[in-house]
Amino acid sequence: ERALTQAKQKSPEAEFIIGLGDYSQVGTVDELRGAKQIFDKMSLRYFLTAGDHDLWHSRDQDLPVVSNFNQIFGPEYQSFTSKSVKIIIIHNSDNYLGINNAQMDWISRQISFGKEQNNHMLVFLHEPLYHPSSDHFMGRLEPKLKEQARTLIRLFSQSGVKKVFAGDTHYFSEYQEP
């Protein structure tokens, strides 16, 4: 709540917020509902993806990992265009399964649409695809996901994506993947 209030105060002209996950401790419906109430109080549009913390309770209940998140917030990945900028929000916070085929196909289509429309493209996701100094990156727990991250890096690089923003490190750093 403090972070959202500060963001709104420092940028009163902001049109929307993009959230990159970890709105809860373990992703119970009650925790996520409480987070949604805080977002709704801001009276500012928001677009969110789930973080790994937001998946734990669903996984423990043998439900699809995004069940609780979807119930409260809706889709875990989405895209929209704002002022000629294509914004693509990806769900990659499942540290064990990664991104499923349906979402990978969707990502490819969104990138193609962005290129066709000559939009600048920005990608937002929870797990960094690469990080030079943190152990928070896609594939740290399940090595096969490193290849999926490399595939996304190649796709974004070849398609002219301007920046990729990730949230799991919980601090700001800027770098280029090698």
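Thresholds applied
Counting starts from 1 at the beginning of each chain's written sequence and moves along it residue by residue. In keeping with the predicted nature of the model, local features appear solely for residues at pLDDT of at least 70, side-chain atom pairs appear and are counted solely at 80 or more, and the whole-chain, interface and lining totals rest on all residues. Side-chain measures were taken over the full set of non-hydrogen atoms in the model, leaving aside hydrogen atoms and water. The numbering of helices and of strands both runs from the N terminus, where a helix is a DSSP run of H or I of at least 4 residues and a strand a run of E of at least 2. Any two residues whose heavy atoms approach within 4.5 Å are treated as being in contact. Calculation of accessible area relied on Shrake-Rupley with a 1.4 Å probe; when residues are assessed, cover is drawn exclusively from the protein chains displayed. Counted as positive: Lys and Arg. Counted as negative: Asp and Glu. His and the chain ends are not counted at all. For the purpose of locating charges, the reference atoms are NZ of Lys, CZ of Arg, CG of Asp and CD of Glu. Only rings of Phe, Tyr and Trp enter the pairing, Trp through its six-membered ring, and a pair is recorded when the two centres are within 6.5 Å. The plane angle decides the type: under 30 degrees is stacked, over 60 is edge-to-face, the rest tilted. In this scheme, a residue with accessible area under 20% of its type's maximum is buried, one over 50% is exposed, and one in between is partly exposed, where area comes from a 1.4 Å probe on protein chains only. For salt bridges, the criterion is a side-chain nitrogen of Lys or Arg within 4 Å of an Asp or Glu carboxyl oxygen. Nonpolar side chains (Val, Leu, Ile, Met, Phe, Trp, Tyr) within 5 Å and like charges within 9 Å form the patches, drawn only from residues with over 30% relative accessible area and no salt bridge. A residue's pLDDT is the confidence the predictor assigns to it, expressed on a 0 to 100 scale.

Asks: Could you give an account of the overall build of the chain, naming the residues involved and the relevant values?
Replies: A count of helical and extended segments in the chain gives six helices and six strands. Going from N to C terminus, the chain has its helices and strands arranged as α-β-α-β-α-α-β-β-α-β-α-β. Dimensions of the chain, computed from the C-alpha atoms along their principal axes, are close to 40 × 40 × 30 Å. Look at the contacts in the chain between residues 6 or more apart in sequence, and 74% of them connect residues 24 or more apart. As displayed, the chain offers around 10000 Å² of accessible surface, 49% of which is attributable to carbon and sulfur atoms. Here the chain carries 19 positive and 22 negative side-chain charges, and the mean point of each set is 6 Å from the other.

Asks: Account for the packing of aromatic side chains, naming residues and giving values.
Replies: Counted under the stated rule, the structure contains eleven aromatic pairs. Judged by centre distance (5.9 Å) and plane angle (55°), the ring pair of Tyr23 and Phe73 falls under tilted. Of the two residues, Tyr23 is situated in the loop between β1 (16–19) and α2 (29–41) and Phe73 in helix α4 (residues 67–73); the sequence distance between them amounts to 50 residues. Classification of Tyr23 as buried rests on a relative accessible area of 18%. With a centroid separation of 6.3 Å and 90° between ring planes, the pair formed by Phe39 and Phe73 is classed as edge-to-face. Placement of the pair is Phe39 in helix α2 and Phe73 in helix α4, with a sequence separation of 34 residues. As far as burial versus exposure is concerned, Phe39 and Phe73 are alike and both buried. Taken together, the ring pairs in this structure connect Tyr23, Phe39, Tyr46, Phe69 and Phe73 into an aromatic cluster.

Asks: Residue-level account of the pattern of salt bridges, with values.
Replies: One pass over the structure, following the stated rule, counts eleven salt bridges. Note that Asp52 is salt-bridged to Arg140, the shortest N-O span being 3.7 Å. Taken together, the positions of Asp52 in the loop between β2 (45–48) and α3 (56–60) and Arg140 in the loop between β5 (120–125) and α6 (144–159) put the pair 88 residues apart, joining distant regions of the chain. The exposure class of Arg140 is partly exposed, given its relative accessible area of 27%. In the salt-bridge network here, residues are joined through shared partners; they are Asp52, Glu127, Arg140 and Asp168.

Asks: Describe a nonpolar patch on the surface, listing the residues and the values that go with them.
Replies: Taken together, the side chains of Tyr96, Leu97 and Leu141 present a nonpolar region at the surface, about 320 Å² in accessible area. Within the secondary structure, Leu141 is located in the loop between β5 and α6. Residue classification places Leu141 among the partly exposed positions, given a relative accessible area of 45%.

Asks: Tell me what's going on with the confidence of the model for the chain, and back it up with residues and numbers.
Replies: For the chain, the mean per-residue pLDDT works out to 94, and 100% of the residues sit at or above 70. Highest mean pLDDT in the chain belongs to α4 (98); lowest belongs to helix α1 (residues 2–10) (89).

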